[in-house]
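Geometric and topological summary
Given next are the chains, with one letter for each unit.
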Amino acid sequence: MHTPRARDEAADDKRSDTGWSRLAKGILCAALPALAVVQACNAEEHAAEPISEARQALTTVSFQQGASPSSSYSGSTDATIREASATTNYGNATTCEADGDDGGGSDKSCLLRWTISGIPAGSVVQSASITLQATNGSSNTYSLYELKRSWSEPSVTWDDATSSTAWATPGAKGASDRGSVLGSVSGSAGSKTIVLNAAGIALVQAWVDGTSNDGIVIASSSNTDGIDFASSEHGTVSYRPKLTITYGPPGGDPGGSTDPGLLVAFIGDQGNGSNADDVLNLIKDEGADATIHNGDFDYASNPTAWENRINGILGANYPYFAVIGNHDAAAWGGANGYASYIQARHARVPSMNCTGELGVKATCNFRGLFIVQSCIGTSELRSSCAANAADQVSFIQGSLAADSSIWSVCAWHKNQHDMQVGGKSNEVGWSAYTACMNAGAIVATGHEHSYARTLTLTDVGDAANGHGKTGAFDLVELGPSRNFVFVSGLGGVGIRSYNAASHDDDTWWASYYASNKWVKNGALMSGTADYGALFIRFNVDGDPKKAHAYFKDVNGRLADEFTIEVQ
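Everything in this summary refers to the structure shown in the same document. All figures in this text were calculated on a predicted structure; none of them were measured in a lab.

1. Considering the overall build of the protein
Regarding its fold elements, the protein presents twelve helices and 28 strands. Per-residue burial for the protein yields a buried fraction of 57% across its 567 residues. Long-range pairs, those at least 24 residues apart, make up 73% of the contacts in the protein with a sequence separation of at least 6. Looking at the protein as shown, the accessible area adds up to about 20500 Å², and 46% of this sits on carbon and sulfur atoms.

Spelled out as structure tokens, the structure:
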């Protein structure tokens, strides 16, 4: 059984298992080309952080006019098309603009395209992003769409794609003009990195494979606050549109594992006092590469103070994935709401790699860990977040089906009664749990102020048959129609009791940690709960399908320890 390092060892060993990211930052390896990194970096120096062959060979390349892959690159083209000037070409403008109403009731859209070269045939695209410099920000959100019709920068207009071909519908609005939504962009002026979703990655893969590359369009027909970007003609080279692609070798697995040794902390129900600080300091001391916070932040509807607490301990650029809880709904929106701070952090930390409505209906791929964020059950925000809400369940199912990562986590706040050991009622519905189980994804929750972890489950929702519980207490398995569920709700606001009347006949628990009872891997222990976090270290012992997990409290007690294996 893996034993996590003690707190007093953390400072010396902190982030010792950061895998490829640490290797890529090494002084020697940074000086070598990508192939040399794979072939020549000292294996003995990194013996404690094994790297799978597929992740060793990942390569990232950017395309930006006059800068990348080299200063001679000139394959970036863009243009604004304006409904109010339907036959005028703006291909030489220094800005590329989008608006649903330019003040006169007319739309504008921004067309972008990059010529891709130098990526070996058959390479497997792992991720892709677009970085734009917003010279005029917007409070509205604009979507990025696939363009399906060839267009010419010197001649494209609202009416025509080229000098000889019209759009199927003016403004490139026809079904044969544009396709899937690839991502979205919004916010104040400054640099914007848009991480493309699964459809976007598939489109970039098609470009790499030789399919016609017609680029993208940024558009909205309903927004009233326009957004402007620096174009490929802008005088400041670093402001010009940039496409970044990370790809693996031909024949590689598009669904790789996480970085070796990636350590992620899971908490919920935080509060705004010293106990919350103690848990954040524990996360810092353990050297967690990221934290997933499953709802109920400060219980004070004070987003600024909550943000300052995280920044003061973990840092402003720390990857902190926050999901809405019922106590967060009242202060969620607005210019200084929780959502605005979550979005700003994502903009500062591109490695978080999320798309969608962050904390509510979004997906993230953080260093190989696929995270589905959902508001399912949190109807305090809106009715489409209610229990068994079709919109959320469909989103969870579709997101998991479109991704092929080895490790996936479903993250939401609330529980079903059987999936916690306190007094919470059925607030989520079984549909979301079932969708995640079918995909072999971990279900991570908060809400109940205790810690609890199930055995491997194969029939979640069927209480009469123990939700299909199976296997050993200290080993859980993930795969088609098998996963496990945990509650990590000891983030600092309070500790609740184990409800014996409701749960003494439960047969599916491996471990739980409450104010009046502690069970660890099926054994009754002496002592009761304190605040803490669940930590999962993915891709361990040289096995990309293996993880070690432990719940550690602020006093250093290991309330739970177990292994996770993907089948």
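2. Observations regarding the sheet that holds strand S12 (residues 262-267)
What the seven strands build is an open sheet, ordered S14-S13-S12-S26-S27-S28-S21; its pairing is mixed. Taken across any chain shown, the strands that pair with only one partner, and hence form the sheet edges, are strand S14 (320-323) and strand S21 (475-478). The sheet shows a mean angle of 20 degrees between the axes of neighbouring strands, taken without regard to direction. Where S12 meets strand S13 (residues 290-294), four bridges bridge the pair, whose relative direction is parallel. The partner of Ile-267 across the bridge, within S13, is His-293. Sheet contacts for helix H7 (residues 274-286): S12, S13, S14, strand S26 (532-540) and strand S27 (543-553); angle to S26, the most-contacted strand, approximately 25 degrees.

3. Points about the pattern of salt bridges
Close approach of charged atoms allows side chains of opposite charge to pair. Per the counting criterion, the structure on display carries 19 salt bridges. The salt bridge partner of Arg-367 is Asp-259, with a shortest N-O separation of 2.7 Å. Taken together, the positions of Arg-367 in the loop between strand S16 (361-366) and strand S17 (369-374) and Asp-259 in the loop between strand S11 (242-248) and S12 put the pair 108 residues apart, joining distant regions of the chain. On the basis of relative accessible area, Asp-259 is assigned to the buried category, the value being 3%. In this structure, the salt-bridge partner of Arg-482 is Glu-477, at a minimum N-O distance of 2.9 Å. Put simply, Arg-82, Glu-97 and Lys-108 are held in one network by salt bridges that share partners.

4. Topic: the environment of Val-181
Mapping Val-181 onto the fold places it in strand S7 (residues 178-187). Not counting the four nearest positions on each side in its chain, Val-181 is found in contact with Ser-143, Leu-144, Tyr-145, Asn-197 and Ala-199.

5. A few points about the nonpolar core
Counting 74 residues, the largest nonpolar core has Ile-283, Ile-536 and Ile-564 as the members making the most contacts within it. In this view, Ile-283 contacts Ala-265, Ile-267, Ala-288, Thr-291, Leu-314, Tyr-318, Ala-533 and Phe-535; residues no more than four positions away in its chain are not counted. If you look at the next biggest cluster of nonpolar residues, it comprises 32 residues, including Cys-110, Val-125, Ile-194 and Val-204.

6. Things to note about helix H8 (residues 303-313)
Every buried residue of H8 is accounted for by Pro-303, Trp-306, Glu-307, Arg-309, Ile-310 and Ile-313. In an axial view of H8, the angular spread of the buried residues amounts to 155 degrees, which keeps them on one side of the axis. Two residues or fewer after H8 comes Gly-315, characterised by a positive phi angle close to 105 degrees.

7. Thoughts on the state of the cysteines
One pass over the structure, following the stated rule, counts four disulfides. Across the disulfide, Cys-96 is cross-linked to Cys-110 (sulfur-sulfur distance 2.1 Å). Between Cys-96 and Cys-110 the sulfur-sulfur dihedral comes to about 115 degrees; the bridge is accordingly right-handed. Here the residue Cys-96 occupies a position in strand S3 (residues 95-98), and Cys-110 occupies one in strand S4 (residues 108-114), the gap between them amounting to 14 residues. Each member of the pair, Cys-96 as well as Cys-110, is classed as buried.

8. Describing the side chain of Ser-109
Secondary-structure assignment places Ser-109 in strand S4. For Ser-109, the residues in contact, after removing those within four places along its chain, are Ala-79, Thr-80, Ile-81, Glu-97, Ala-98, Trp-158, Val-217, Ile-218 and Ala-219.

Conventions used here
- Residues numbered from 1 in each chain as written.
- Predicted model: local features only at pLDDT ≥ 70, side-chain atom pairs only at ≥ 80, totals over all residues.
- Heavy atoms only, no water.
- Helix = DSSP H or I, 4+ residues; strand = E, 2+ residues; numbered from the N terminus.
- Buried < 20%, exposed > 50% of the residue type's maximum accessible area, 1.4 Å probe, protein only.
- Contact = heavy atoms within 4.5 Å.
- Areas by Shrake-Rupley, 256 points an atom, 1.4 Å probe, with all protein chains shown as cover.
- Pairing = 2+ DSSP bridges.
- Axes fitted to C-alpha atoms, helices over the stretch in contact; angles between N-to-C directions.
- Salt bridge = Lys/Arg side-chain N within 4 Å of Asp/Glu carboxyl O.
- Core = buried A, V, L, I, M, F, W, Y, C linked by side-chain atoms within 4.5 Å.
- Arc of directions from axis to C-beta.
- Disulfide = S-S within 2.5 Å.

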